[in-house]
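What follows is each chain in one-letter form.
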Amino acid sequence: MVGKGPYTIFVPHADYLQKTTTFAEWEKAGCIKDLLRYHTVICQMLLSDDLESQDSITALSGHKIRVSVKENSLYLNDEVKIIESDITRENGVIHFIDGILAPYDLQHHSIPCNQSEKTIIEVAEAHGYNIYSKLLKETGLLNLVNNTLHQPFTMLWPTDEAFNSLPAEMQQWLYHKDHRSKLSAYLKGHMVRDIKVLASKLTELSSLRTLHGSTISFSCSKTNAGDIVVDNGNAKIVQRYMEFNVGIAYGTDHLLEPPDLGSRCDEFQTVEISHSLDQGSPTLDLWPSTIPRYASNWSTQTSEAPSMGCNQHAKPRPLQSMEKPFSTELVRGAKNVGSAALDKKKTFS
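Worth saying up front: this structure is predicted, and the values here are computed from it rather than measured.

### Thoughts on the sheet that holds strand E6 (residues 80–89)
1) Next: The mixed open sheet is built from seven strands, whose spatial order is E2-E1-E7-E6-E5-E4-E3. Every other strand in the sheet has two partners, leaving strand E2 (40–42) and strand E3 (56–58) as the edge strands with one partner each. The sheet shows a mean angle of 30 degrees between the axes of neighbouring strands, direction not considered.
2) Next: Where strand E5 (residues 73–76) and E6 come together, two bridges link them in antiparallel fashion. Its bridge partner being in E6, Leu76 is matched across the sheet by Val80.

This is the structure:
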């Protein structure tokens, strides 16, 4: 076992390897790396007692391994039996098994295993990351990805479900044509340049700086053996080793939010405020003698594009019922017995 660990490794016993052609079949299909990674679990040294308390664990390949106990023996995926256990080393533990673990049905696997020569768009769409692929093209970031100055990349791709689970108001804000720069910032917050990090090494790094300038960190899940979480649990890696021609990507179940873009609003409202400046308005107690008393209305209304952090863009409407343009200073106040208090000033032009 090479590396810092800790690891849990399931090794098919030599007696059973002589009876199978499984390794040759997976190698011919170009999927041998998936098969080998499926026999390793990172982040924890799981002894037999630890395995008995698990319903499932996540292999290095990213696929689940089911764990069960039958007739006082431990089984993996209900069929493969652990025949010798708890062979410990400094950085992990080895369990010998009586068969080969398969992460998926090779005969019905629709996605080619070796896509490392294909483009980012081809690989993303092959794995079902259609929204990410679409946004990558719409924001113009594809040109950045193809720039050799930044290659290779390590990326996080939010799943389509992650994008679709965003509140409707957040989606409206994020996808609005006026917020392309903000959308670009979000996507850059999932891209790391100049490095290609394999899943086995992610948790050994303290943090990585993204193209947006923010940092992301990776750690072992404290609740699910073998899982890798991002930024202390803000997201979980749900798919691994999606290699493309200039890097590698990992699927995540949530969209990460760059810290300097603020937090999203739960609600966006269109608010209209009208001010009546009629001569007889009871709210206008003090008028400077030089101000002509023209009847007018002034109102503001939010723009169609909601802004981050619940700030709303005010768009003045033209003054109505005005006899002629004027520039005055309106002083609003309140009278008390024998005195007046000035509380607000506004300038209209």
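### Considering the nonpolar core
1) Next: With 31 residues, the main nonpolar core has Ile120, Tyr132, Met155, Trp157 and Phe244 as its most contacted residues.
2) Next: At the level of elements, helix H5 (120–126), helix H6 (130–138), helix H7 (141–145), strand E8 (153–158), helix H9 (168–175), helix H10 (180–188) and strand E14 (235–244) are the ones that each hand at least two residues to this core.
3) Next: Here Ile120 is in contact with Leu136, Leu142, Val145, Met155, Trp157, Phe244 and Asn245, once residues within four sequence places are set aside.
4) Next: Formed by 21 residues, the second largest nonpolar core is a distinct cluster that contains Tyr7, Val197, Val230 and Ile248.

### Topic: the state of the cysteines
1) Next: Across all of its chains, the model carries two disulfides by this definition.
2) Next: Residue pairing for Cys43: its cysteine sulfur links by disulfide to Cys220, the two sulfurs lying 2.1 Å apart. Measuring the twist about the S-S bond at about -80 degrees, one finds the Cys43-Cys220 disulfide to be left-handed. Taken together, the residues Cys43 in the loop between E2 and helix H4 (48–52) and Cys220 in strand E12 (residues 218–220) connect sequence positions 177 residues apart.
3) Next: On the basis of relative accessible area, Cys43 is assigned to the buried category, the value being 14%.

Cut-offs and rules
- Residues numbered from 1 in each chain as written.
- Predicted model: local features only at pLDDT ≥ 70, side-chain atom pairs only at ≥ 80, totals over all residues.
- Heavy atoms only, no water.
- Pairing = 2+ DSSP bridges.
- Helix = DSSP H or I, 4+ residues; strand = E, 2+ residues; numbered from the N terminus.
- Axes fitted to C-alpha atoms, helices over the stretch in contact; angles between N-to-C directions.
- Core = buried A, V, L, I, M, F, W, Y, C linked by side-chain atoms within 4.5 Å.
- Buried < 20%, exposed > 50% of the residue type's maximum accessible area, 1.4 Å probe, protein only.
- Contact = heavy atoms within 4.5 Å.
- Disulfide = S-S within 2.5 Å.

So far we have only geometry, and geometry alone does not tell us how the molecule works.
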